[in-house]
Amino acid sequence: MKSRTRREFVYLTGAMALAALGPRLAASESKARVVVVGGGIGGATAAKYLAVSAPTIEVTLVEPKPNYTTCFFSNLYLAGLCSLDSLTHGYETLAQRYGINVIHDSVAAVDPVAKTVGLKSGPKLTYDRVVVAPGIAFNYDALAGYDEAATQVIPHAWNAGLQTQLLRRQLESMEDGGVFVLVAPPNPFRCPPAPYERASLVAYYFKQHKPRSRILILDAKDSFNAQDLFLDAWERHYRGMIEWLPAQFTGGIKAIDVKERSVKTASETFKAAVANVIPPQRAGQFAQQNGLVDQSGWCPIDPITFESKLQPGIHVVGDASSAGDMPKSAFVANSQAKACAFAIAAALTGSERQSPHLFNTCYTHLGPDDAVSNAVSFKPVAGTIKIVDNFVSQVQESAETRHRTAREAQSWYAAFMRDTFGYAAF
């Protein structure tokens, strides 16, 4: 793997992104049908790019909720730096501009033999291919004392919406001088830098409103993503406010006492004024119920088409997939969905299939005017997906560079939402 400067990487990823779009696939007389299950980033992107690349394919998107709220950037909401409404997006443009049949319902099951998707309301949709983007599920069995009911007292806030609002209210009502305890999950999990971005932005909120308060991170791991960048920022912006305790120090997380609002480790029990427990994760429940998950808890896929290795004809994109070096991030879900859409369109229209270009970009806030970024390109290699190029922010960057990166993050979010849902945000 070769590391590059930011300028070199931007040039290369721009060129490859254009190549990834490729020529518009030739229309055919086919009346092929593709059903997309799940309207998060992966599902919405797959539906849109199927409709764009092969207009003769009938595309149906099944999603129970009328809107989708992004978990990425929700830490800014916790810090009081944006509204939850600004992170919430509907499906109207996908239906009206791109002709996608959007159905707000839940899927009961996929029948891979009959090639039907059964809706909970009763009807069955026939398909030639189906794309599923089931996201993550929480493995409550791996964390004693913590279950779905407990999330109403100690929120995880790892699916944006009501959980995020609950955590925000608890932070607002906490007395100055309290301890916010954040339990970070073991690998792999959705958005690797996000727990530490959350600690940073909650510290920013405390610094403005409750300056005697502290943050304690109890980690299930011994190290974490971009650790040097976070430790540097915590020393510069929040000295003495954030304490990180790795598993090798505590002996690991053993149990959660919801009534006492405390976290028990092998060495000590920590009492919280506000607790935020992010549980261990696995592929979403839909993937588990439809035979898409292997012993790892995630969905093995073909690295070129994202077709399931366990259920032919069903493609899995986004956080639920087991995709080699690719992290579980929103931009990865978007990139996988495009590759998957082009592969399906080529298969159903008889057009030439192209090798996918896969990317990840990520912006992480350390404060309102201090952000870092990374950008990575990947390619399928020997049955899996490997990193081939990357750019990562460095500890010694100037304040001006960090401020510029924070502004870029806002533009990135708006462009990303336009690419996924078809319109501008912010």
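Keep in mind that this is a model prediction, so the values were computed, not measured. (Residues numbered from 1 in each chain as written. Predicted model: local features only at pLDDT ≥ 70, side-chain atom pairs only at ≥ 80, totals over all residues. Heavy atoms only, no water.)

Student: What should I look at first to understand unusual backbone geometry in this one?
Tutor: With the exception of glycine, most residues fall at negative phi, and the peptide bonds are largely trans. Geometrically, the link from N187 to P188 is a cis peptide bond, its omega value of -10 degrees lying close to zero. The topology assignment puts P188 in the loop between β12 (179-184) and α6 (194-209). The phi torsion at F73 lies on the positive side, around 80 degrees, for a residue other than glycine. The residue F73 is located in the loop between β4 (67-69) and α3 (74-78) in this model. A residue is classified by how much of its surface remains accessible, and F73, at 5% relative accessible area, is buried. Even without a glycine there, the phi angle at A382 is positive, about 50 degrees. Along the chain, A382 falls in the loop between β24 (370-381) and β25 (384-392). In this structure A382 comes out as exposed when scored by relative accessible area, which is 82%. (Helix = DSSP H or I, 4+ residues; strand = E, 2+ residues; numbered from the N terminus. Buried < 20%, exposed > 50% of the residue type's maximum accessible area, 1.4 Å probe, protein only.)

Student: Help me out: how do you make sense of the nonpolar core in this one?
Tutor: One recurring pattern in soluble globular proteins: nonpolar side chains tend to sit buried together. If you look at the biggest cluster of nonpolar residues, it comprises 132 residues, and the most contacted ones within it are V117, I217 and W234. Per-element accounting of this core gives the leading share, 11 residues, to helix α10 (residues 330-349). What W234 contacts, discounting residues up to four positions off in sequence, is Y196, A199, S200, I217, F224, R239, I242 and W244. (Core = buried A, V, L, I, M, F, W, Y, C linked by side-chain atoms within 4.5 Å. Contact = heavy atoms within 4.5 Å.)

Student: Would you mind going over the pairing of strand β23 (residues 358-367) with me for this structure?
Tutor: Where a strand is regular, its side chains alternate between the two sheet faces. Burial runs high along β23: 9 of the 10 residues are buried. Across 9 bridges, β23 lies against β24 in antiparallel orientation. Residue pairing in the sheet places C362 in a bridge with N374 of β24. Two successive antiparallel strands, β23 and β24, enclose a turn made up of 2 residues. (Pairing = 2+ DSSP bridges.)

Student: Hey, could you run me through the pattern of salt bridges in this one?
Tutor: Here the structure, examined in full by the defined rule, presents 13 salt bridges. A salt bridge links R214 to E243, with the shortest nitrogen-to-oxygen separation between them at 3.8 Å. Of the two residues, R214 is situated in strand β13 (residues 214-219) and E243 in strand β14 (residues 242-245); the sequence distance between them amounts to 29 residues. You can call E243 partly exposed: its relative accessible area is 37%. Between R236 and D232 there is a salt bridge, with the nearest N and O atoms lying 2.9 Å from each other. (Salt bridge = Lys/Arg side-chain N within 4 Å of Asp/Glu carboxyl O.)

Student: Got a minute to help me understand the packing of aromatic side chains in this structure?
Tutor: Two aromatic rings are characterised by how far apart their centres lie and by the angle between their planes. Taken as a whole, this structure holds 21 aromatic pairs when the rule is applied. Note on F224 and W244: the rings are 5.1 Å apart at their centroids and 75 degrees apart in plane angle, and the pair reads as edge-to-face. On the criterion of sequence distance, the pair formed by F224 in the loop between β13 and α7 (227-237) and W244 in strand β14 is long-range, its members being 20 residues apart. Residue classification places F224 among the buried positions, given a relative accessible area of 8%. Ring centres of F230 and W234 lie 5.9 Å apart, and the angle between their planes is 45 degrees; this geometry places the pair in the tilted category. Taken together, the positions of F230 and W234, both in helix α7 and 4 residues apart, correspond to about one turn of that helix. Neither residue differs from the other here; F230 and W234 are each classed as buried. Of the aromatic side chains, those joined through ring pairs into one cluster are F72, F73, F331, Y363, W412, Y413 and F416. (Phe/Tyr/Trp six-rings, centres within 6.5 Å; stacked < 30°, edge-to-face > 60°.)

Student: When you look at the pairing of strand β10 (residues 129-132) in this model, what are you seeing that I'm missing?
Tutor: Both strand β2 (residues 33-37) and β10 contribute to a ladder of 4 bridges, which runs parallel. When the bridges of β10 are listed, V37 appears paired with V132. Both β10 and strand β21 (residues 314-316) contribute to a ladder of 3 bridges, which runs parallel. The partner of V131 across the bridge, within β21, is H315.

Student: For this particular structure, what's the right way to read the sheet that holds β12?
Tutor: Paired through backbone hydrogen bonds, the strands of a sheet run either parallel or antiparallel to each other. Across the sheet, which stays open at both edges, the 4 strands sit in the order β14-β13-β12-β18 with parallel pairing between neighbours. Unpaired on one side and paired on the other, β14 and β18 (274-277) mark the two borders of the sheet. Each adjacent strand pair in this sheet contributes to an overall mean axis angle of 15 degrees, direction not counted. Bridge analysis of β12 against β13 gives 6 bridges, and the strand direction is parallel. (Axes fitted to C-alpha atoms, helices over the stretch in contact; angles between N-to-C directions.)

Student: So what exactly am I meant to see when it comes to the packing of helix α5 (residues 162-173) against α6 here?
Tutor: Each pair of packed helices can be described by the angle between their axes along with the distance between the axes. It is the contact of α5 with α6, at a shortest axis distance of 11 Å, that shows an interaxial angle of 35 degrees. Here the hand of the crossing between α5 and α6 comes out right-handed. In this structure, α5 contributes L167, R168, L171 and E172 to the contact, and α6 contributes R198, V202, Y205 and F206. Residue composition of the contact of α5 with α6, by class: 5 nonpolar, no polar and 3 charged. (Left-handed = near helix turned anticlockwise from the far one by under 90°. Nonpolar A, V, L, I, M, F, W, Y, C, P; charged D, E, K, R; others polar.)

Student: Looking at this structure, how should I read the environment of L125?
Tutor: By secondary structure assignment, the location of L125 is in strand β9 (residues 124-126). Taking the C-alpha atoms as reference points, L125 and T60, 65 residues apart in sequence, are found 8.9 Å from one another. Filtering out sequence-adjacent residues up to four positions away, L125 remains in contact with V35, T60, V62, I103, K115, T116, V117 and L119.

Student: Would you mind going over the side chain of H365 with me for this structure?
Tutor: By the secondary structure assignment, H365 is in strand β23. The class of H365 is buried, set by a relative accessible area of 2%.

By themselves these figures say nothing about function.
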